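A look at the structure
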Amino acid sequence: MVDKRFDPKKKRRSSPKRVPIVLLIVLGLLLAGSVYMFWPPQAKIKQGLDIQGGLQVVMTATASDGSKPSSTDMENTISIIENRVNALGVSEATVQKQGDDQILIQIPGISDPDAALSTIGTVGYLEFVSVPDISDSTIRSEIQSGQVGMTLPSGTYADVITGSNITRVTVNRQSDTSSYYEVDITLDAAGTSAFAAATSVLATNNDRIAIVLDGVVQSAPSVENVISNGNVAITGNYSLENAKSLQTILESGSLPVTLSYAQSQIVGPTLGQNQLVAGVVAALCGLVLVALYLLFFYRGLGILTAGAVGVFAILYLGLLGTLSYFGLFSLSLAGMAGIVLTIGVAADSSILILERFHEEIRMGRSIKAASISGVKHAIKTSIDADFVTLISAIALFFIATGSVKGFGLTLGLGILCDIVTMLLFKAPIIRLLAPKVMSHHPDFWGLRGDLDEARDSGEVERGVHNG
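About the cut-offs
Along every chain, residues carry numbers that run from 1 in the direction the sequence is written. Note on the predicted model: pLDDT of at least 70 is required for a residue's local features to be given, and 80 or more for side-chain atom pairs to be given and counted; whole-chain, interface and lining totals, by contrast, use all residues. With hydrogens and water set aside, each side-chain value is computed from the structure's full complement of heavy atoms. Going along the chain from the N terminus, every DSSP run of H or I of four or more residues is numbered as a helix, and every run of E of two or more is numbered as a strand. This radius of gyration counts C-alpha atoms alone. The globule rule is 2.2 Å times how many residues there are, raised to the power 0.38. For every residue, the accessible area (1.4 Å probe, protein chains only) is compared with the maximum for its type, and the residue is labelled buried under 20%, exposed over 50%, or partly exposed between those bounds. By definition in these notes, contact holds between two residues if any of their heavy atoms fall within 4.5 Å. Surface accessibility in these figures is a Shrake-Rupley result with a 1.4 Å probe; residues are shielded only by whichever protein chains are displayed. One speaks of a salt bridge when a side-chain nitrogen belonging to Lys or Arg is within 4 Å of a carboxyl oxygen belonging to Asp or Glu. By definition, no residue in a patch forms a salt bridge, and every one has over 30% relative accessible area; like charges are joined within 9 Å, nonpolar side chains (Val, Leu, Ile, Met, Phe, Trp, Tyr) within 5 Å. Two residue types count as positive, namely Lys and Arg, and two as negative, namely Asp and Glu; His and chain ends fall outside the count. Note that the charge is assigned to NZ on lysines, CZ on arginines, CG on aspartates and CD on glutamates. We call two strands paired when DSSP finds no fewer than two bridges between them. Every angle, taken between N-to-C directions, lies between 0 and 180 degrees, and every axis is a line fitted to C-alpha atoms, over only the stretch in contact when it is a helix. Two N or O atoms count as a polar contact when they lie within 3.5 Å, although within protein this holds only if one can serve as hydrogen donor and the other as acceptor, and sequence-adjacent residues are included solely when both atoms are side-chain atoms. Confidence scores labelled pLDDT are given residue by residue by the predictor and lie between 0 and 100.

1. Side note on the overall build of the protein
Counting secondary structure elements, the protein contains 14 helices and 11 strands. Relative to its length of 467 residues, the protein is extended, with a C-alpha radius of gyration of 35 Å against a globular reference of 23 Å. Principal-axis analysis of the C-alpha atoms gives the protein an extent of 120 × 50 × 40 Å. Burial statistics for the protein: of 467 residues in total, 42% are counted as buried. Sequence-distant contacts, at least 24 apart, represent 73% of the contacts inside the protein between residues at least 6 apart. Entry remark: accessible area of the protein is about 24,000 Å², with carbon and sulfur atoms responsible for 58%.

2. Considering the pattern of salt bridges
Counted under the stated rule, the structure contains 7 salt bridges. When the shortest N-O distance is used, the salt bridge between Arg455 and Asp452 registers 2.9 Å. Taken together, the residues span about one helical turn, with Arg455 and Asp452 both in helix α13 (residues 448-457) at a distance of 3 residues. Among the residues examined, Arg455 registers a relative accessible area of 46% and is labelled partly exposed. What you see here is one network of salt bridges that share partners, running through Arg356, Glu360 and Arg365.

3. Focus on a positive patch on the surface
Together, Lys17, Lys368, Arg431 and Lys436 make up a positively charged patch on the protein surface. Here Arg431 lies in helix α12 (residues 403-440).

4. Brief notes about the sheet that holds strand β8 (residues 209-213)
Taken in spatial order, the 4 strands of this open sheet run β5-β4-β8-β9, and their pairing is antiparallel. Every interior strand has two partners, whereas the edge strands, β5 (159-162) and β9 (216-219), have only one. Neighbour-to-neighbour, the strand axes of this sheet turn through a mean angle of 35 degrees, independent of strand direction. By the bridge criterion, 5 bridges tie strand β4 (residues 126-130) to β8 in an arrangement that is antiparallel. Of the residues in β8, the one forming a bridge with Ser130 is Ile209. Relative to the sheet, helix α7 (residues 189-202) contacts β4, β5 and β8, its axis offset from that of β5 by approximately 145 degrees.

5. With respect to the sheet that holds strand β10 (residues 231-238)
Backbone hydrogen bonds are what pair the strands of a sheet, in a parallel or an antiparallel way. Overall, antiparallel pairing links the 3 strands, which are arranged β6-β7-β10 in an open sheet. Each end of this open sheet is capped by a strand with a single partner; those strands are β6 (166-173) and β10. Each neighbouring strand pair of the sheet contributes to a mean axis angle of 20 degrees, computed without reference to strand direction. Note: β6 against strand β7 (residues 181-187), 7 bridges, orientation antiparallel. By the bridge assignment for β7, Val169 is matched with Ile185.

6. Overview of the side chain of Asp418
Here Asp418 lies in helix α12. Residue classification places Asp418 among the buried positions, given a relative accessible area of 1%. Polar side-chain contacts of Asp418 include one of 2.9 Å to the side chain of Ser349.

7. A few points about the confidence of the model for the protein
With 91% of its residues at a pLDDT of at least 70, the protein reaches an overall mean of 84. Element-level mean pLDDT values for the protein span from 44 in helix α14 (residues 459-466) up to 94 in α7.

8. Examining the environment of Tyr325
If you trace the backbone, Tyr325 turns up in helix α9 (residues 269-325). Residue Tyr325 is classed as exposed on the basis of its relative accessible area, which comes to 62%. For the pair formed by Tyr325 and Asn242, sequence separation is 83 residues and the distance between their alpha carbons is 32 Å.

9. Here we look at unusual backbone geometry
A cis amide bond, omega -5 degrees, links Trp39 with the succeeding residue Pro40. Turning to its location among the elements, Pro40 is positioned in the loop between α1 (8-38) and α2 (41-44). Even without being glycine, Asp214 reaches a positive phi, approximately 55 degrees. With respect to the secondary-structure elements, Asp214 resides in the loop between β8 and β9. Residue Asp214 is classed as partly exposed on the basis of its relative accessible area, which comes to 32%. Look at Arg299: it is not a glycine, yet its phi comes out positive at around 55 degrees. Inspection of the secondary structure puts Arg299 in helix α9.

The structure is reproduced here in structure tokens:
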């Protein structure tokens, strides 16, 4: 007499269900994590320049002699611009080299594009000039009378100190009661010594010292005392924003090249949000149409496949939210196009699985057997097709630039989510429902015609005989 507790037949019957159940549990955990990572989507999924609005500009760099800059100068320029952009307090900004002498700058969500352009493109070469030593008498007289904003011709003056002598820059009010701000700088040892020597001469007659930025006089205060401690205030009736902009320029250092605007585009947030809404509507319409198509042609099986589309969407949004959290993704309009395309890819894999499932039943296999072999072969074929598309998406991501790169990224991510959905939802759910639920209600699941066709052609008997 065999002890039923150790009946090997019973063990074999229960084990096939364990793997699908485990896979569905894993899927449930992934879905819960995905919802946490992307909800609410407008806050969790970062938006790119063309959706959020902001500034995109292409700048051409020129060396001091008018020639193309060296690769070292370009690298230094990009580094300085990155520092200036970061000081603006924006996220997801990009600065990258284009060709030999151009720089692409993208700053999403910027509130004042004009001020940002001024801060980014200013060369930032700071000089302190003794006004009595300016050789152009007309300009010298104008500065001594208190005029500012004029350009000093090259060769008409010699600087006392430059921005390279600055070690620290801060912004403070000119006085407790003033509405204007000043930029306070601290000089290094060489700058402190040179500035002390210059101010000791100027202080005897209360002469002026001009503060010159990129050749333009910003202010020219009178020197009343010798400044020997290396602490200098730059004044010019600056607002807080202007003072901070000057601080950013001085802290980042002067550019080794001159920049000119080759192309500039300001994307308004209203336009970008309208385009986002249109993209979301297109994606939702795609999901709904795919679901209706599957329900109409595949009946009960269409419900499972519509559920698979929902699972795919949640996993996809969760992945985008996770990448956004780590600063690795920003949604663009081209990325939206990739998302819409992957809905079609997911629908294709679902249809392939259903058709192979029907085909194996018509060949004489039982519903249970077809749920194993048919789904297995269909998923293998779908994954092969997905990998072909994935290779193209990877090539677009690593080779292309700009919006095409975003399209390749979202397309590749969607394909990965489709594969996960097939393995963790489509295969296990069909395998669990096939033995009893689908076999007992073939009409609801749209399988009656396949069973009748197999019976009429005699495939059932051969299928059982070969089974």
